[in-house]
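Structure at a glance
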Amino acid sequence: RVSSDLFQADYFVGTTPGTTPAYSTCLSTIDQNWQWDAPAPTIPGDGFSARYTITKSFTADSYRLTTTSDDGSRVYIDGQILPELNGWSDHGAQTLTTNTLLNAGSHQITVEYYENSGQAQMAFDIQSLNQAPLSDPVAGWTGEYWPILG
């Protein structure tokens, strides 16, 4: 259905994502700012919704997830809603952020969005919080740093 590098983007007429999209496409990122327009000619400029789905393989780590939406959005990981990213209400552009731990393996991320009226915007980002270690015992290399004096 969709590659592990692309979101399946399904758009619906009405403010509740349904089962039969009026328009579908694939996106490498969710960073949509339609302003007063619609995502496609078959979708109205107001009163539409979207569901973005991707299944990706993750390393065990803490991740920062961020949404910016006008109007409502919510995020699910493996079917479980993230309460901190549940902004399912009418509002102007609003950014929500949370950190979560993901186990190693494949996880399904679902982002739902709706536009009631006015301007329309939806963005989602996920970033690892892992700081790369200075030494890599597997490769046998160690990085050392000294300040430059004088």
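None of these values were measured; they are calculated from a predicted model.

1. Section: the packing of aromatic side chains
With the rule as written, the count across this model stands at 9 aromatic pairs. Aromatic pair F7 and F124: ring centres 6.3 Å apart, planes at 85°, arrangement edge-to-face. With F7 in strand 1 (residues 7-13) and F124 in strand 10 (residues 120-128), this pair connects stretches of sequence that are 117 residues apart. With respect to class, F7 is no different from F124; both count as buried. Measuring from centroid to centroid gives 5.8 Å for W34 and Y113, while their planes differ by 35°, and the two rings are tilted. One end of the pair, W34, is in strand 3 (residues 30-35); the other, Y113, is in strand 9 (residues 105-115), and 79 residues separate them in sequence. Exposure class is identical for W34 and Y113. Each is buried. Taken together, the aromatic side chains of Y11, Y23, W34, F48, Y52 and Y113 make up a single cluster linked through ring pairs. When the ring centre of W88 is taken as origin, the NZ or CZ atom of R74, which lies over that ring, is 3.7 Å away.

2. Structural notes on the nonpolar core
It is characteristic of soluble globular proteins that their nonpolar side chains tend to be buried jointly. Residues Y52 and F124 are the most contacted members of the largest nonpolar core, which totals 27 residues. Of all elements in the fold, only strand 1, strand 3, strand 4 (48-58), strand 5 (61-70), strand 6 (73-77), strand 8 (94-102), strand 9 and strand 10 reach the threshold of two or more residues within this core. Per element, the largest residue contribution to this core is 5 residues, and it comes from strand 4.

3. Considering the confidence of the model for the chain
In the predicted model, the chain carries a mean pLDDT of 88, and 84% of its residues have values of at least 70. Considering each helix and strand of the chain separately, the mean pLDDT is smallest for strand 11 (residues 135-136), with a value of 44, and largest for strand 6, with 98. Note that residues 133-140 has pLDDT below 50 and, in this model, 6 contacts with residues that lie over four places away or in other chains.

4. Topic: the side chain of T53
The residue T53 is located in strand 4 in this model. Look at T53 and you get buried, because its relative accessible area is 15%. With near-sequence residues (within four places) excluded, T53 lies in contact with L6, F7, Q8, Q108, I109 and T110.

5. What about the environment of Q121?
Counting through the fold element by element, Q121 comes out in strand 10. Among the residues examined, Q121 registers a relative accessible area of 21% and is labelled partly exposed. If we ignore the near neighbours within four places in the chain, the residues touching Q121 are Q32, N33, W34, T68, S69, D70, A93 and Y113.

6. Regarding the sheet that holds strand 9
Ordered in space as 2-1-4-9-6-7, the 6 strands form an open sheet in which the pairing is antiparallel. In this open sheet, the two edge strands, each paired with only one partner strand, are strand 2 (23-27) and strand 7 (80-81). Judged from the 5 bridges that link them, strand 6 and strand 9 form a sheet pairing that is antiparallel. Opposite Y76, over in strand 9, you have T110 as the bridge partner.

7. Considering the sheet that holds strand 8
Sheet architecture is open: 4 strands sit in the order 3-10-5-8, paired in antiparallel fashion. The outermost strands of the open sheet, each flanked by one partner alone, are strand 3 and strand 8. Each strand of the sheet is rotated relative to its neighbour by a mean of 15°, with strand direction disregarded. One ladder, built from 8 bridges, connects strand 5 with strand 10; its direction is antiparallel.

About the thresholds
Residues numbered from 1 in each chain as written. Predicted model: local features only at pLDDT ≥ 70, side-chain atom pairs only at ≥ 80, totals over all residues. Heavy atoms only, no water. Phe/Tyr/Trp six-rings, centres within 6.5 Å; stacked < 30°, edge-to-face > 60°. Helix = DSSP H or I, 4+ residues; strand = E, 2+ residues; numbered from the N terminus. Buried < 20%, exposed > 50% of the residue type's maximum accessible area, 1.4 Å probe, protein only. Lys NZ or Arg CZ within 6 Å of the ring centre and 35° of its normal. Core = buried A, V, L, I, M, F, W, Y, C linked by side-chain atoms within 4.5 Å. pLDDT = per-residue confidence, 0-100. Contact = heavy atoms within 4.5 Å. Pairing = 2+ DSSP bridges. Axes fitted to C-alpha atoms, helices over the stretch in contact; angles between N-to-C directions.

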